[in-house]
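Each chain is listed here by its residues.
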Amino acid sequence: MRTAWIKRLLRLSAHLPLWIDHTIGSFLGRRVLHSNRPELRAARINLELCFPELSTAQRQQLLQQSMEEMGKTLIETGLLWYGKRAQLERLVCEIHGEELVKEGLARGKGVILVAPHLGNWELIGAYCSPRYPMINLYRPPKQEGLDELVRSARGRFGATLAPTTAKGVKMLYQALANNSLTGILPDQDPGENGGEFAPFFGIQTNTMTLVSRLAQKSGATVLCTWAARLPQSRGFALHFEAVSDEIHSRDTQRSLAALNSAVENAIRQIPAQYQWGYKRFKTRPAGESSFYD
């Protein structure tokens, strides 16, 4: 029943102007501020950890903005998943750094796009997959009933989806060998066996090693990318920025630090649009207590 209602909401939002989607999303985000939802508590803790230099009032303002942006991300997803290509093209008002994608492909070793949960990451694939050969790492949603929808939405413009399995990782290596784009969300906790600790906002953070392994073995160009919401619901600005060459280092710590630095730099440009409600620091080094207990 819940899945059916989610699908109806997404279909409805796909037919509304972006400013109405954003108005609804902002309203829902403000409602979260007066709730006991775990996302709100996690966001408050994350902002305290990552922005200790801000005053309490400044962090509270950022918290409110981030909840409103979270609501916008939720509601506009219908447009990103159901919208036609022409609709989505009109959403892209600015593009910064796409020449780096073309230069990377000209090198013939593929391009790794690391897309943090910043702005609306769904738009990256919707924009790139009709233009370039592309494969995206894919983790099935917790709501099983949404799996088919997500796979259909992310693949409808030509992208291939690689599961988060050994087979999927092999698909990524093959795609880079064939000079394709690979899209990866780099800021999820990979669990105890999929990552190592590296600094992120000055905090030792469990960081996926997959991007580093792919970069080292393939020699691919690595870019950080995000789709930032523009003021007054005008649309989005796509950004592509080079990740430091340290990402190719065989010293895993240096490589992971380069990855996290690129993600952090992107977030600092539009901090309110980051997914602060995610427990990014839930896995701690041995002997450290949880930040979220």
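Above this text you will find the structure in question.
Residues numbered from 1 in each chain as written. Predicted model: local features only at pLDDT ≥ 70, side-chain atom pairs only at ≥ 80, totals over all residues. Heavy atoms only, no water.

Moving on: the overall build of the chain. Along its length, the chain carries eleven helices and nine strands. The burial tally for the chain puts 52% of its 293 residues in the buried class. In the chain, 76% of the contacts between residues at least 6 apart in sequence involve partners at least 24 apart. With an accessible surface of roughly 14000 Å², the chain has 52% of that area assigned to carbon and sulfur atoms. The distance from the centre of the 36 positive side-chain charges to the centre of the 27 negative ones in the chain is 6 Å. (Helix = DSSP H or I, 4+ residues; strand = E, 2+ residues; numbered from the N terminus. Buried < 20%, exposed > 50% of the residue type's maximum accessible area, 1.4 Å probe, protein only. Contact = heavy atoms within 4.5 Å. Areas by Shrake-Rupley, 256 points an atom, 1.4 Å probe, with all protein chains shown as cover. Lys, Arg positive; Asp, Glu negative; His and termini not counted. Charge placed at Lys NZ, Arg CZ, Asp CG, Glu CD.)

With that out of the way, let us pick up the pairing of strand β3 (residues 134-138). Within β3, five of the five residues are buried, leaving the element largely enclosed by the surrounding structure. Of the two faces of β3, the one holding M134, N136 and Y138 and the one holding I135 and L137 are both buried throughout. The pairing of β3 with strand β4 (residues 160-163) spans four bridges and is classified as parallel. Counted as the bridge partner of N136 is L161 from β4. (Pairing = 2+ DSSP bridges.)

Next up on the list: the packing of helix α3 (residues 38-50) against helix α4 (residues 56-82). Relative to each other, α3 and α4 sit at 135 degrees, their axes nearing to 10 Å. As summarised for this structure, α3 and α4 are arranged oblique, according to the angle between their axes. You can see that α3 and α4 cross each other, and the crossing is right-handed. Counted together, E39, L40, A43, R44, L47 and E48 of α3 and R59, L62, L63 and M67 of α4 form the full contact between these two elements. Here the residues of the contact of α3 with α4 sort into six nonpolar, no polar and four charged. (Axes fitted to C-alpha atoms, helices over the stretch in contact; angles between N-to-C directions. Parallel < 35°, antiparallel > 145°, perpendicular 65-115°, else oblique. Left-handed = near helix turned anticlockwise from the far one by under 90°. Nonpolar A, V, L, I, M, F, W, Y, C, P; charged D, E, K, R; others polar.)

Our next topic: the nonpolar core. Looking at soluble globular proteins, one finds that nonpolar side chains tend to be buried together. In terms of nonpolar packing, the biggest core is built from 50 residues, with I112, I184, V211 and W276 touching the most fellow members. Ignoring any residue separated from it by four or fewer positions in sequence, one finds I184 in contact with I112, L113, V114, A115, L137, L172, M208, L210, V211 and L214. One finds V92, V111, L113 and L161 within the second-largest nonpolar core, a separate group that totals 32 residues. (Core = buried A, V, L, I, M, F, W, Y, C linked by side-chain atoms within 4.5 Å.)

Once that is clear, we can look at the sheet that holds strand β9 (residues 236-242). Read across the open sheet, the seven strands follow the order β1-β9-β8-β2-β5-β3-β4; overall the sheet is mixed. Whereas interior strands pair on both sides, the edge strands pair on one side only; in this sheet they are β1 (92-96) and β4. When strand polarity is set aside, the average angle formed by the axes of neighbouring strands in this sheet is 25 degrees. Helix α11 (residues 252-269) rests against β2 (111-114), β8 (221-229) and β9 of the sheet, and its axis sits at about 20 degrees to β8.

What follows covers a nonpolar patch on the surface. On the surface, a cluster of nonpolar side chains totalling about 330 Å² of accessible area is made up of I24, F27, L28 and L74. Residue classification places I24 among the partly exposed residues on the basis of a relative accessible area of 33%. (Patch = residues over 30% accessible without salt bridge, like charges linked within 9 Å, V, L, I, M, F, W, Y side chains within 5 Å. Salt bridge = Lys/Arg side-chain N within 4 Å of Asp/Glu carboxyl O.)

In this structure the tally under the stated criterion is seven aromatic pairs. Between the aromatic rings of F200 and F201, the centroid separation amounts to 5.0 Å while the plane-to-plane angle is 85 degrees, which identifies the pairing as edge-to-face. Its relative accessible area of 7% is what places F201 among the buried residues. An angle of 80 degrees between the planes, with centres 4.9 Å apart, marks the rings of Y274 and W276 as edge-to-face. (Phe/Tyr/Trp six-rings, centres within 6.5 Å; stacked < 30°, edge-to-face > 60°.)

Inspection of the secondary structure assignment puts P231 in the loop between β8 and β9. The exposure class assigned to P231 is partly exposed, which follows from its relative accessible area of 47%. Residues P231 and T77, spaced 154 residues apart in sequence, show a C-alpha to C-alpha distance of 18 Å.

What follows covers the environment of W19. Relative to the elements of secondary structure, W19 occurs in helix α2 (residues 18-32). Given the relative accessible area of 55%, W19 is considered exposed. A sequence separation of 216 residues divides W19 from G235, and the C-alpha atoms of the two residues are 9.2 Å apart.

With that out of the way, let us pick up the side chain of D21. Assignment of secondary structure puts D21 in helix α2. No salt bridge is formed by the buried D21. Its closest oppositely charged neighbour is R229, at 9.7 Å. When residues no more than four places from it in sequence are discounted, the contact partners of D21 are S13, L16, I75, E76 and L79.

Time to look at helix α8 (residues 147-155). What sets the pattern is the α-helix's 3.6 residues per turn: residues three or four places apart point alike. Looking only at α8, the buried set comprises D147, L149, V150 and A153. Seen along its axis, α8 keeps its buried residues to an arc of 160 degrees; they face one direction. (Arc of directions from axis to C-beta.)

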